[in-house]
Amino acid sequence: MSFINFAAREINCKIVYYGPGLGGKTTNLQCIYDKTAGSHKGKMISLATETDRTLFFDFLPLDLGTVRGFRTRFHLYTVPGQVFYDASRKLILRGVDGVVFVADSQEERLDANLEALDNLAINLREHGYELQQIPYVLQLNKRDLPNSLPVETLKAQLTRRDEKVFEAVASQGVGVFETLKEVARQVLTELRKK
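Anyway, here's the lowdown on the structure attached to this text. (Residues numbered from 1 in each chain as written. Predicted model: local features only at pLDDT ≥ 70, side-chain atom pairs only at ≥ 80, totals over all residues. Heavy atoms only, no water.)

1. Observations concerning the overall build of the protein chain
Here is step 1: Scanning the protein chain from terminus to terminus reveals five helices and nine strands.
Here is step 2: Counting from the amino terminus, helix and strand elements in the protein chain follow one another as β-β-α-β-β-β-β-α-β-α-β-α-β-α.
Here is step 3: Taken across its 194 residues, the protein chain has 54% of its residues classed as buried.
Here is step 4: Considering only intrachain contacts with a sequence separation of at least 6, the fraction spanning at least 24 residues in the protein chain is 72%.
Here is step 5: When the accessible surface of the protein chain is summed, it comes to about 9300 Å², and 53% of that surface belongs to carbon and sulfur atoms. (Helix = DSSP H or I, 4+ residues; strand = E, 2+ residues; numbered from the N terminus. Buried < 20%, exposed > 50% of the residue type's maximum accessible area, 1.4 Å probe, protein only. Contact = heavy atoms within 4.5 Å. Areas by Shrake-Rupley, 256 points an atom, 1.4 Å probe, with all protein chains shown as cover.)

And the structure:
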C-alpha cells in the first residue's frame, strides 16, 4: 500500500524481491544501488542474520514520471531466502506494492524455487493480496551458468499467470534494470487507477 508524503510531494512505493536463498535477490539490489546516482538514492541498510540478510534502500527514479503531480520514490527490499525466516518474509511483505520473484535457473534449485513461490503466494494472502492481481515480475537469474534449465522449462514450472518474464545475470547487471522497470511500470499503472 503506497504512502503519500504531501510535504515532499512524493508517493512512496514498496517493491519486494522474493525468491530462494542465494538466487540473486541481493545481487539485484546491489547492482541497482551501485548504478543509481547518489543524489537519487538513500542509504542501503543491511539487516544480517546468521545465514542470510535483508537489504533495503529507497531511490527516486527520474525517468518514470509522476502521478498526479507527485514524484514516485521506490523502496526496494529483499527477503531472507531460507524458509525458516518465514516471519521476516511475512513482515517485509506488509504494505507491498509490487513483487519481483528472482528464480535461480540452476537445475538443482528448481525445488527451492517452487517452495519459495508457494511461500510467496501464502504470505501475500495473509496480507490480503493475491499473486494473480499484484504487480508481479518473474526474473530467471543465473542464465550464464552451464547447469541452467532451458527458459521454456522454467517458464512452464514457475509462471503463475501471464506475468512478464526476464532472463538475467544479475552479477553482470544483465536484465536487472529491465526487471525493475517493468515492475515499477506495473506499480505506477495501479497507482494511476486510484
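The discussion continues.
2. Comments concerning the nonpolar core
Here is step 1: Counting 27 residues, the largest nonpolar core has Val-99, Phe-101, Leu-120, Leu-124, Tyr-136 and Leu-158 as its most contacted members.
Here is step 2: Breaking this core down by element, the ones donating at least two residues are strand E2 (10–18), helix H2 (86–93), strand E7 (98–104), helix H3 (110–126), strand E8 (136–141) and helix H4 (151–158).
Here is step 3: Per-element tally for this core: the top contributor is H3, with seven residues.
Here is step 4: Discounting chain neighbours no more than four positions away, the residues touching Val-99 are Val-16, Tyr-18, Leu-93, Leu-120, Leu-124, Ile-134, Pro-135, Tyr-136, Val-137 and Val-183.
Here is step 5: Ranked by size, the runner-up nonpolar core spans 23 residues in total, among them Leu-29, Ala-170, Leu-180 and Val-187. (Core = buried A, V, L, I, M, F, W, Y, C linked by side-chain atoms within 4.5 Å.)

3. Remarks on the side chain of Asp-86
Here is step 1: Tracing the backbone shows Asp-86 in helix H2.
Here is step 2: At 2.8 Å, the side chain of Asp-86 and the side chain of Asn-119 are in polar contact. (Polar contact = N/O pair within 3.5 Å; in protein donor to acceptor, adjacent residues only side chain to side chain.)

4. Side note on the packing of aromatic side chains
Here is step 1: For the coordinates displayed, the defined rule picks out zero aromatic pairs.
Here is step 2: Taking the ring centre of Tyr-77 as reference, the NZ or CZ of Lys-14 above it sits at 4.7 Å.
Here is step 3: Its end group placed over the ring of Tyr-33, Lys-41 keeps NZ or CZ at 3.9 Å from the ring centre. (Phe/Tyr/Trp six-rings, centres within 6.5 Å; stacked < 30°, edge-to-face > 60°. Lys NZ or Arg CZ within 6 Å of the ring centre and 35° of its normal.)

5. Some remarks on the environment of Gly-21
Here is step 1: Here Gly-21 lies in the loop between E2 and helix H1 (25–34).
Here is step 2: On the accessibility criterion, Gly-21 (9% relative accessible area) is buried.
Here is step 3: The spacing of Gly-21 and Gly-81 is 60 residues in sequence and 3.5 Å in space, taken between C-alpha atoms.

6. Quick word on the pairing of E8
Here is step 1: Among the six residues that make up E8, six are buried, leaving the element largely enclosed by the rest of the structure.
Here is step 2: Here E8 shows a buried face lined by Tyr-136, Leu-138 and Leu-140 and a second buried face lined by Val-137, Gln-139 and Asn-141.
Here is step 3: Summarising the sheet, E7 and E8 pair through six bridges and their orientation is parallel. Across the sheet, Asp-104 pairs through a bridge with Asn-141, a residue of E8.
Here is step 4: Following the chain from E7 across H3 to the adjacent parallel E8, one finds a crossover that is right-handed.
Here is step 5: Examined bridge by bridge, E8 and strand E9 (residues 164–167) share four bridges and lie parallel to one another. By the bridge assignment for E9, Val-137 is matched with Lys-164.
Here is step 6: Viewed along the sheet, the connection from E8 through H4 into E9 turns out right-handed. (Pairing = 2+ DSSP bridges. Right-handed = clockwise from strand over helix to strand, strands pointing away.)

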